[in-house]
Amino acid sequence: MTLRHAVVLALVAVSVAACKKREAPVAGPTPVAVGGSDAAARARADSIAAAERARREAEEREMAGGVARVREALSDIVFFEYDSNELTTEAQNKLRTKAAILRSNPGVEMRIDGHADERGSTEYNLALSQRRAETVRDFLAGYGIAASRISTIPYGEERPRVEGTGESVWAQNRRAEFSMTGGQITVVPAEVR
């Protein structure tokens, strides 16, 4: 059961218990009289207001958590095989999630930074990192994301994620990284919740 469902059930329970076959009060100032029925009406109005505040706060917390998950999914790195700009199955799954987020938030713009490991010439690695970034952009465009919302920068081997040599190090450096360059996240798609 989600937090939203729990809050709704609590609101219903509080409303039913507070109503006791009385009509809902007309919007306006809360009565301040000390009499029994006025005190009950005031207590009921306070209870309803508190439940509404709790519901709004729960929705705000849920949205904030969702936005954090969306930002994390958007910045999730995609890795490549040696001397390749082809997307792995894992990379395609990550990019489908990114595409869903971008479709739900049409004002968001992204930058894709292409990278390569240290093997190969500087020129070759720069061209390979450009192809990797463009492959990712083209994949997202295939899911309805306008290419104008996505910029690419090739870095080649110039900005390694991990220093050193060996396949485990090189595998971490063959990648595409993502960053938001514009817009705001206003919708958390179901794929990220």
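Look above for the structure.
A. Fine view of the overall build of the chain. The helix and strand inventory of the chain stands at 5 helices and 4 strands. When contacts within the chain are restricted to residue pairs at least 6 apart in sequence, long-range pairs at least 24 apart make up 75% of them.

B. Main features of the environment of Ile112. Topologically, Ile112 is positioned in strand β2 (residues 109-114). Excluding anything up to four places from it in sequence, Ile112 contacts Ala133, Val136, Arg137, Ile150, Ser151, Thr152, Ile153, Ala176, Glu177 and Phe178.

C. Here's a closer look at the packing of aromatic side chains. For the coordinates displayed, the defined rule picks out 1 aromatic pair. Between Phe139 and Tyr143 the ring centres are 5.1 Å apart and the planes differ by 35°, which places this aromatic pair in the tilted class. On the basis of relative accessibility, which here comes to 16%, the residue Phe139 falls in the buried class. A cation sits over an aromatic face here: Arg131 above Tyr124, 5.8 Å from the ring centre.

D. Up close: the nonpolar core. With 26 residues, the main nonpolar core has Leu74, Leu87, Leu95, Val136, Leu140 and Phe178 as its most contacted residues. Top contributing element to this core by residue count: helix α3 (residues 89-104), with 5 residues. Aside from chain neighbours lying at most four places away, what touches Leu87 is Val78, Phe80, Gln92, Leu95, Thr135, Val136 and Phe139.

E. Seen up close, the sheet that holds strand β3 (residues 150-154). Strand order across the open sheet formed by 4 strands is β1-β4-β2-β3, with mixed pairing between neighbours. Lying at the two open borders of the sheet, with one neighbouring strand each, are β1 (78-79) and β3. Here helix α4 (residues 122-141) sits on the sheet and contacts β2, β3 and β4 (175-182); the angle it forms with β3, its principal contact strand, is near 165°.

F. Summary view of α3. For α3, built from 16 residues, the straight-helix expectation of 22 Å at 1.5 Å per residue is met to within 8% by its first-to-last C-alpha distance of 23 Å. Looking at α3, one finds that the buried residues are Ala91, Lys94, Leu95, Lys98, Ala99, Ala100, Ile101 and Leu102.

G. The arrangement of the packing of α3 against α4 in detail. Across the interface, α3 lies against α4 with an axial gap of 9 Å and an inter-helix angle of 55°. Between α3 and α4, the angle falls in the class oblique. For the pair α3 and α4, the crossing hand works out as right-handed. Facing α3, whose interface residues are Gln92, Leu95, Arg96, Lys98, Ala99 and Leu102, α4 presents Val136, Phe139 and Leu140.

Quick notes on the rules
- Residues numbered from 1 in each chain as written.
- Predicted model: local features only at pLDDT ≥ 70, side-chain atom pairs only at ≥ 80, totals over all residues.
- Heavy atoms only, no water.
- Helix = DSSP H or I, 4+ residues; strand = E, 2+ residues; numbered from the N terminus.
- Contact = heavy atoms within 4.5 Å.
- Phe/Tyr/Trp six-rings, centres within 6.5 Å; stacked < 30°, edge-to-face > 60°.
- Buried < 20%, exposed > 50% of the residue type's maximum accessible area, 1.4 Å probe, protein only.
- Lys NZ or Arg CZ within 6 Å of the ring centre and 35° of its normal.
- Core = buried A, V, L, I, M, F, W, Y, C linked by side-chain atoms within 4.5 Å.
- Pairing = 2+ DSSP bridges.
- Axes fitted to C-alpha atoms, helices over the stretch in contact; angles between N-to-C directions.
- Expected span 1.5 Å × (residues − 1).
- Parallel < 35°, antiparallel > 145°, perpendicular 65-115°, else oblique.
- Left-handed = near helix turned anticlockwise from the far one by under 90°.

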